[in-house]
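# Structural overview
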Amino acid sequence: MASRRHEIRGEMKRILTNLDPRWLKAASQQLCDHLGDLLDRRVERKLEHLLAWVNFFPGEVDLSCLIGEQLGVRSVYLPRVFKDGTMKFLSIGSDWMESMGAGEFGIPEPSDAGESFDHSN
């Protein structure tokens, strides 16, 4: 079972690494447009907070256009991962791209300056 799972992951990594960057960019933009429409028009209640992520691995969707559009509408939070594997989401501002740095595992993360997301609110 574990070897089959490893085999499938390897195949997925190969496929994602070989995606045409032009297709991935167009697909990311289309997804951001659809998600923005969903958040702004189709959700029954006003959402105040949005948890998102930035792309890092080959083939991952790029949500930066959605993040940029949503910053003026609601609070946006990106994950920060710690050595022990725990994670917290930190708020970002309009300069979020400039304040990103390589995290514990090399994945771009926001600086610690952001306010953390408290789901109890």
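Residues numbered from 1 in each chain as written. Predicted model: local features only at pLDDT ≥ 70, side-chain atom pairs only at ≥ 80, totals over all residues. Heavy atoms only, no water.

### Observations regarding the pairing of strand 2 (residues 75–81)
Test applied: Here the term buried applies to any residue with accessible area under 20% of the maximum for its type, exposed to any over 50%, and partly exposed to those in between, with areas from a 1.4 Å probe on protein chains only. Secondary structure elements are taken from DSSP: a helix is a run of H or I of four residues or more, a strand is a run of E of two residues or more, and numbering for both begins at the N terminus. Each pair of strands is called paired provided DSSP finds at least two bridges between the two strands. Handedness of a crossover: with both strands directed away from the viewer, a clockwise path from the first strand across the helix to the second marks it as right-handed.
Within strand 2, five of the seven residues are buried, leaving the element largely enclosed by the surrounding structure. Relative to strand 2, strand 1 (residues 49–51) runs parallel, the two being bridged by three bridges. Following the sheet pairing, Leu50 is matched in strand 2 by Val76. In this fold, strand 1 hands off to helix 3 (residues 64–70), which returns the chain to strand 2; that crossover is right-handed. In the sheet, strand 2 pairs with strand 3 (residues 87–91) via five bridges, with the strands oriented antiparallel. Bridging across to strand 3, Leu78 finds its partner in Leu90.

### Re a nonpolar patch on the surface
How we decide: Put simply, a patch holds well-exposed residues, over 30% relative accessible area, that have no salt bridge, with like charges counted together within 9 Å and Val, Leu, Ile, Met, Phe, Trp or Tyr side chains within 5 Å. The accessible surface values rely on the Shrake-Rupley method and a 1.4 Å probe; as for residues, cover is taken only from the protein chains in view. Note on definitions: salt bridges are taken to be side-chain nitrogens of Lys or Arg within 4 Å of carboxyl oxygens of Asp or Glu.
A contiguous nonpolar patch, built from Ile8, Met12, Ile15 and Leu16 and spanning about 310 Å² of accessible area, is present on the exposed surface. If you trace the backbone, Ile8 turns up in helix 1 (residues 2–17). Of the residues examined, Ile8 reaches a relative accessible area of 42% and is grouped as partly exposed.

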